[in-house]
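# Structural characterization, general
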2 protein chains.
Amino acid sequence: MTDMRLPLYQRLRDDMLARIAAGDWAPGTAIPTEAELTKYYGVAVGTLRRAVETLVQDGLMERSQGRGTFIRRPNFDGSLFRFFRHVDSQGERRVPTGRVMVRHEESAGRRVADALGLEEGASVVYLERVRQIDGQTIFHEQIWLDTRRFAPLLTVDPADFGNLLYPFYEQQCGQLIGAAEETLSVATASQAMADRLSIDPGQPVIVIERIAKGYDATPLEFRRSTGDAGPFRYRVDIT
Amino acid sequence: MTDMRLPLYQRLRDDMLARIAAGDWAPGTAIPTEAELTKYYGVAVGTLRRAVETLVQDGLMERSQGRGTFIRRPNFDGSLFRFFRHVDSQGERRVPTGRVMVRHEESAGRRVADALGLEEGASVVYLERVRQIDGQTIFHEQIWLDTRRFAPLLTVDPADFGNLLYPFYEQQCGQLIGAAEETLSVATASQAMADRLSIDPGQPVIVIERIAKGYDATPLEFRRSTGDAGPFRYRVDIT
DNA sequence: GAGTGGTCTAGACCACAGG
DNA sequence: CTGTGGTCTAGACCACTCT
């Protein structure tokens with residue numbers, strides 16, 4: 001354990017974080033019990049507890065009384081849902097389908113290279129994807145990935161990409177997405193984008209740029225999603 | 001103390017919350033020390049601590065080692081700043097000036113009545129306000145307030161409203177704002193709005209609807225702010 | 001019933017702010 | 001120096017889950 005003069009619970013936290021990043025503790029599985037961990041680390045329960053609490057706070061773990069503490073998988077559908085409220089007649093969430101339309105290799109421009117932490121001109125995998133509900137396109141997505149990590153995607157038939165990409169990355173490329181940061185902005189629809197989204201050119205669209213990262217915070221995917229701004233709604237609490 | 005079968009630390013939390021709402025503990029001042037509070041409540045420090053932690057978490061208190069624990073004032077400029085990055089050449093935040101242009105009494109429509117928890121047609125104070133940086137209008141604001149609580153505002157010369165409204169509410173009407181919820185959406189500028197914001201009609205605008213509440217969660221103010229969507233940017237972290 | 005996390009206590013020692 | 005919150009411990013008892 002890195003013995004800086006940090007509080008013990010923070011050093012515990014860092015160590016547990018490293019275990020997740022290293023894959024020792026896999027998403028969806030339970031971590032060892034409090035008794036085991038306190039014994040292993042040689043600390044009191046309260047201290048361990050505090051470390052775990054910060055990880056729960058950050059959304060990396062989930063505790064469940066009587067069952068255990070689990071590594072959480074980030075919920076990206078929830079993200080979409082924070083901004084666009086697509087519900088069916090029963091008020092249940094509707095997750096749009098995803099279909100890859102374009103897939104090729106290209107060289108990274110400035111923006112993409114910056115986002116992925118690569119040199120400009122580095123080889124990247126490019127995907128274009130539409131996300132639909134009831135056959136209607138809700139989002140148009142452009143996706144860039146480092147070819148060195150995601151080369152397997154170049155040999156797969158675009159039609160064979162699953163509905164969800166992140167489990168696919170995990171299976172095909174062994175790349176785990178642990179977190180992401182998204183930046184929203186507003187633009188107006190070009191003719192091409194308007195056609196795709198069935199809106200009028202010049203109408204406002206929401207552009208969501210996402211940098212998805214591994215559990216060790218390495219940027220793995222850069223994604224730009226564009227959708228009609230009409231159904232966009234976002235709620236914030238201020239204190 | 002309400003002796004439900006809630007955990008002790010939650011009951012402590014509720015009691016402290018009530019003290020803030022009642023004005024026993026004023027924003028900006030320190031609450032009693034841990035020693036006093038544990039004695040008063042008859043609980044262990046750890047338990048009191050946990051209660052305070054949840055309040056810190058919710059942004060209602062701030063702890064400072066060696067100094068004490070303080071009731072926090074909500075920072076609404078920070079809110080604006082989360083969405084629009086107005087900085088000067090040194091990279092410092094620029095808070096727009098505020099000027100009340102219109103002030104009268106009217107009867108609440110559906111939307112306003114709902115937001116403020118009033119009956120439709122109830123009397124409300126209506127304000128129209130522009131917020132500017134370097135003489136340029138950044139936001140146009142419409143504000144509605146329950147006349148029963150904010151009647152003093154009707155007798156003030158609109159020019160005498162201060163740059164900031166919440167301290168003014170506090171001084172003139174004894175109404176303390178403790179929190180708020182904001183909902184963002186996108187619209188297109190009408191001719192009138194475009195003129196006010198110096199943009200072209202039909203260009204996208206961000207509409208921020210805010211319901212500001214007292215420390216006891218009573219809705220006190222309903223505000224609709226409209227600004228150019230061009231400089232809008234919002235960042236979210238997903239886990 | 002056995003095992004898990006959830007609540008609560010009592011007290012020690014440390015680090016920082018301010019007179 | 002005194003008083004504040006920050007860290008850490010050790011252990012008791014409760015509530016829940018699963019078999």
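Residues numbered from 1 in each chain as written. Chains lettered and ligands numbered in written order. Predicted model: local features only at pLDDT ≥ 70, side-chain atom pairs only at ≥ 80, totals over all residues. Heavy atoms only, no water.

So, about the relation of the copies chain B and chain A. Least-squares fitting of chain B to chain A yields an RMSD of 0.1 Å, with the transformation described by 0.0 Å of translation along the axis and a rotation of 180 degrees. The transformation just described matches what one would write down for a two-fold rotation axis. Residue Pro204 of chain B, judged by its C-alpha, is the member of chain B lying nearest the rotation axis, at 2.8 Å. Comparing interface residues between copies, 100% of those in chain B also lie at the interface in chain A; the contact surface is shared. (Least-squares fit on C-alpha atoms with pLDDT ≥ 70 in both. Contact = heavy atoms within 4.5 Å.)

This part takes up the UniProt feature "domain: HTH gntR-type" (unreviewed entry) in chain A. When the UniProt feature table is mapped onto this chain numbering, "domain: HTH gntR-type" (unreviewed entry) sits at residues 6-74 of chain A. Helix makes up 52% of residues 6-74 of chain A and strand 12%, and the two end C-alpha atoms of the span are 28 Å apart. (UniProt positions renumbered as here; feature names shortened; annotations may be inferred. Helix = DSSP H or I, 4+ residues; strand = E, 2+ residues; numbered from the N terminus.)

When two helices pack together, their arrangement is given by the angle between the helix axes and the distance between those axes. Residue and element names in this part refer to chain B. Between helix α2 (residues 34-41) and helix α3 (residues 45-57), the shortest axis-to-axis distance is 9 Å and the interhelical angle comes to 105 degrees. As far as their axial angle goes, α3 and α2 are roughly perpendicular. Every residue of α3 that contacts α2 at Glu34, Leu37, Thr38 and Tyr41 is listed here: Val45, Leu48 and Arg49. For the contact of α2 with α3, a count of residues per class yields four nonpolar, one polar and two charged. (Axes fitted to C-alpha atoms, helices over the stretch in contact; angles between N-to-C directions. Parallel < 35°, antiparallel > 145°, perpendicular 65-115°, else oblique. Nonpolar A, V, L, I, M, F, W, Y, C, P; charged D, E, K, R; others polar.)

Glancing now at the interface of chain B and chain A. On the side of chain A, 34 residues touch chain B, which itself brings 33 residues to the contact. Surface buried jointly by chain B and chain A totals about 2,700 Å² across both partners, of which 57% is contributed by carbon and sulfur atoms. With a closest N to O distance of 3.0 Å, Glu181 of chain B and Arg235 of chain A form a salt bridge. When residues of the side of chain B that touches chain A are traced back to their parent elements, those giving at least two are α4 (76-83), β6 (179-188), β7 (204-213) and β9 (234-238) of chain B. In terms of residue count, the dominant contributor to the side of chain B that touches chain A is β6 of chain B (ten residues). Residue composition of the side of chain B that touches chain A, grouped by class: 15 nonpolar, nine polar and nine charged. The sheet contact formed by strand β6 (residues 179-188) of chain A and β9 of chain B spans five bridges and is antiparallel. Its bridge partner lying in β9 of chain B, Glu181 of chain A is registered against Asp237 of chain B. (Buried area = accessible area lost by both parts, 1.4 Å probe. Salt bridge = Lys/Arg side-chain N within 4 Å of Asp/Glu carboxyl O. Pairing = 2+ DSSP bridges.)

As a matter of local geometry, DNA strand D sits amid 20 residues, with Leu8, Thr47, Arg50 and Gln65 of chain A together with Thr33 of chain B nearest to it. Protein-adjacent atoms of DNA strand D, using a 4 Å cutoff, are sugar or phosphate at a proportion of 77%. Between a phosphate oxygen of DNA strand D and a side-chain N or O atom of Arg63 of chain B, the distance comes to 3.3 Å. Mapped by element, the contributors of at least two residues to the surface near DNA strand D are α1 (8-22) and α3 (45-57) of chain A together with β1 (61-64) and β2 (68-71) of chain B. The element that contributes the greatest number of residues to the surface near DNA strand D is α3 of chain A, accounting for three residues. The class makeup of the residues in the surface near DNA strand D is five nonpolar, ten polar and five charged. (Near = heavy atom within 4 Å. Polar contact = N/O pair within 3.5 Å; in protein donor to acceptor, adjacent residues only side chain to side chain.)

Taken together, 20 residues form the shell around DNA strand C, and within it Thr33 of chain A together with Leu8, Thr47, Arg50 and Gln65 of chain B come nearest. In the interface set of DNA strand C, defined as its atoms within 4 Å of the protein, sugar plus phosphate atoms amount to 75%. Residue Tyr9 of chain B places a side-chain N or O atom 3.1 Å away from a phosphate oxygen belonging to DNA strand C. Ala44 of chain B places a main-chain nitrogen or oxygen 3.1 Å from a phosphate oxygen of DNA strand C. Broken down by secondary-structure element, the contributors of at least two residues to the surface near DNA strand C are β1 (61-64) and β2 (68-71) of chain A together with α1 (8-22) and α3 of chain B. For the surface near DNA strand C, the element with the highest residue contribution is α3 of chain B, accounting for three residues. Residue classes in the surface near DNA strand C are distributed as five nonpolar, ten polar and five charged.

Quick look at the domain arrangement of chain A now. Segmentation of chain A into domains returns domain 1 (8-71) and domain 2 (76-228). One C-alpha centre belongs to domain 1 of chain A, the other to domain 2 of chain A; they are set 31 Å apart. (Domains from an automatic or database assignment.)

Here the focus is the sheet that holds β9 of chain B. Across the sheet, which stays open at both edges, the seven strands sit in the order β3(A)-β4(A)-β5(A)-β8(A)-β7(A)-β6(A)-β9(B) with antiparallel pairing between neighbours. On the outer flanks of this sheet lie β3 (97-107) of chain A together with β9 of chain B, each paired with one strand and no other. Going from strand to strand, the sheet's axes swing by 20 degrees on average, the running direction of each strand aside. Helix α7 (residues 165-173) of chain A contacts β3, β4 (123-133), β5 (136-146), β7 (204-213) and β8 (219-228) of chain A of the sheet and is inclined by roughly 155 degrees relative to β8 of chain A.

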